[in-house]
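Descriptive analysis of the structure
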Amino acid sequence: MSSEKRRRNLVWGTTWLAYASYYFGRKTFSSAKHALEAARVLDLKQLGYIDSGYLAAYSVGQFVNGALGDRVGARRLVGFGLMASAALCAAFASSSTALALTAIFTLNGVAQATGWPGVTRAMTEWTTPANRGTVMGFWSTCYQAGPLVAGPLASMLVHAYGWRTGFRIPAAIMVLVGVLVLLLVRPGPTPVGAAPISGEFAERRRAQRAVLGNRVLWSYGACYFFIKFMRYALQLWLPYYLHKQLGYADDKAGSIAAAFEAGGLVGVITIGALSDKRSLGRLPLSAASLVGLAVALFACVKLVGHSTWLNVGLLAITGALLFAPDSIVCGAAAQDAGGRSAASMATGFVNGVGSIGALLVGLLLPPMVAVYGWHSLFPCLVGMALLGALSLVPALRSNVSARVSD
């Protein structure tokens, strides 16, 4: 194996581990919600406010860090971003007032927003348009594997040692991975015909400006708005839902909720490999997955709660059909559009628009379930899935190339 291939594989593996590790800085809060409420540290409304503050900062951070990532590179953005998130999680564990907890976790949203633009920037440099779908399909398992490990670990720590320990141990893990990123991640090889160093800055600025005017990227952003609403509604509230609505203990609720991410592992690998086939394409597959997701969510309306294993199976199917288009729309498709010069900006833009949908979860879900009950969750998500599929229609019909830079 050549030195370049070894370096490429090292970057692929390190960035996979890095993005999976970001979830240690966000999943504990989801797993600790019931404990924080039971300890009278926060009430339901305050839990929603913290989600909203975090997600608002995360959304803004995507735009800022997307532009920053193309300038400073993946290594520094991700390495220092992980360490900043770790420091804020440790501070959260040492605080007790609602105001302090909200402020700290809001700042954590900015730190967490360094992740996606940074790692997708690195992956764009070490993949090509011809293999990107397949590679990113396998690589995108990082954001199913991350929650799959971080969620149950946080639930066990919170259940056994209290919510403060549930934040401190994941923070230590993020510091270690941040150090690895700073040591191992390097820029990819310069492609043949790329602009000389003297012209790189001008090319980057041109490509970044083109991102904002690209109609296809706006279509991706609109679709991702609905995808992230659904994903965050389930990731942030599934353990709470399973405990409150179905009566599972905190640790078992966290384990059952992990089936959602486990199903996502299968979905992203499958759609990634298929999307590199010209006869199928990234967007038709994404739209079909979202329609299938609507059907799966409708099945949840009718069947969830009948048995533990049925709940696990339904959540796994839901995860497969949701994470599949998620990985394409904000991964390979956005990377293709941004190209080498603006990959971080393009993925940050799509993720930033999508994160507005995630932000609304904290604002809308608690009052919705307070009025209509938890049984209203899945019918709401059915509509979101169908709207996500419809949002891709302009991109499917567009005769204009999505690419803004090679």
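Scroll up to find the structure this text is about.
Residues numbered from 1 in each chain as written. Predicted model: local features only at pLDDT ≥ 70, side-chain atom pairs only at ≥ 80, totals over all residues. Heavy atoms only, no water.

A separate point is the pattern of salt bridges. Inspection of every chain in the model, using the stated rule, returns seven salt bridges. In this structure, the salt-bridge partner of Lys27 is Glu261, at a minimum N-O distance of 3.9 Å. Of the two residues, Lys27 is situated in helix 2 (residues 27–38) and Glu261 in helix 12 (residues 250–275); the sequence distance between them amounts to 234 residues. Between Asp70 and Arg121 there is a salt bridge whose closest N-O contact spans 2.7 Å. On the criterion of sequence distance, the pair formed by Asp70 in helix 3 (residues 44–72) and Arg121 in helix 6 (residues 115–125) is long-range, its members being 51 residues apart. In the salt-bridge network here, residues are joined through shared partners; they are Asp70, Arg121 and Glu125. (Salt bridge = Lys/Arg side-chain N within 4 Å of Asp/Glu carboxyl O. Helix = DSSP H or I, 4+ residues; strand = E, 2+ residues; numbered from the N terminus.)

In terms of burial, helix 6 is largely enclosed, as eleven of its eleven residues are buried. Those residues of helix 6 that sit buried are Gly115, Trp116, Pro117, Gly118, Val119, Thr120, Arg121, Ala122, Met123, Thr124 and Glu125. (Buried < 20%, exposed > 50% of the residue type's maximum accessible area, 1.4 Å probe, protein only.)

Glancing now at empty space enclosed by the protein. Summed over all chains, the structure comprises five cavities of 30 Å³ or more. Its volume calculated, the largest cavity comes out at about 100 Å³. Within the residue set of the lining of the largest cavity, elements represented by two or more residues are helix 2, helix 3 and helix 11 (215–244). Grouping the amino acids of the lining of the largest cavity by side-chain chemistry returns six nonpolar, two polar and three charged. Its boundaries defined by the atoms lining it, the second largest cavity holds a volume of some 80 Å³. Lining the second largest cavity are 15 residues; nearest its centre among them are Lys27, Pro239, Ala257, Ala258 and Glu261. (1 Å grid on protein atoms, 1.4 Å probe; cavity = no way out; pocket = protein on both sides within 12 Å on 5 of 7 lines; lining within 4 Å. Points joined across faces, edges and corners; volume = space filled by probe spheres on them. Nonpolar A, V, L, I, M, F, W, Y, C, P; charged D, E, K, R; others polar.)

With that settled, consider the packing of helix 2 against helix 3. Direction vectors running N to C along helix 2 and helix 3 enclose 155°, while the axes themselves pass 10 Å from each other. Judged by the inter-axis angle, helix 2 sits roughly antiparallel to helix 3. Remark: the crossing between helix 2 and helix 3 carries right-handed chirality. Touching Phe29, Lys33, Leu36 and Glu37 of helix 2 are Leu44, Leu47, Ile50 and Asp51, all from helix 3. Considering only residue class, the contact of helix 2 with helix 3 consists of five nonpolar, no polar and three charged. (Axes fitted to C-alpha atoms, helices over the stretch in contact; angles between N-to-C directions. Parallel < 35°, antiparallel > 145°, perpendicular 65-115°, else oblique. Left-handed = near helix turned anticlockwise from the far one by under 90°. Contact = heavy atoms within 4.5 Å.)

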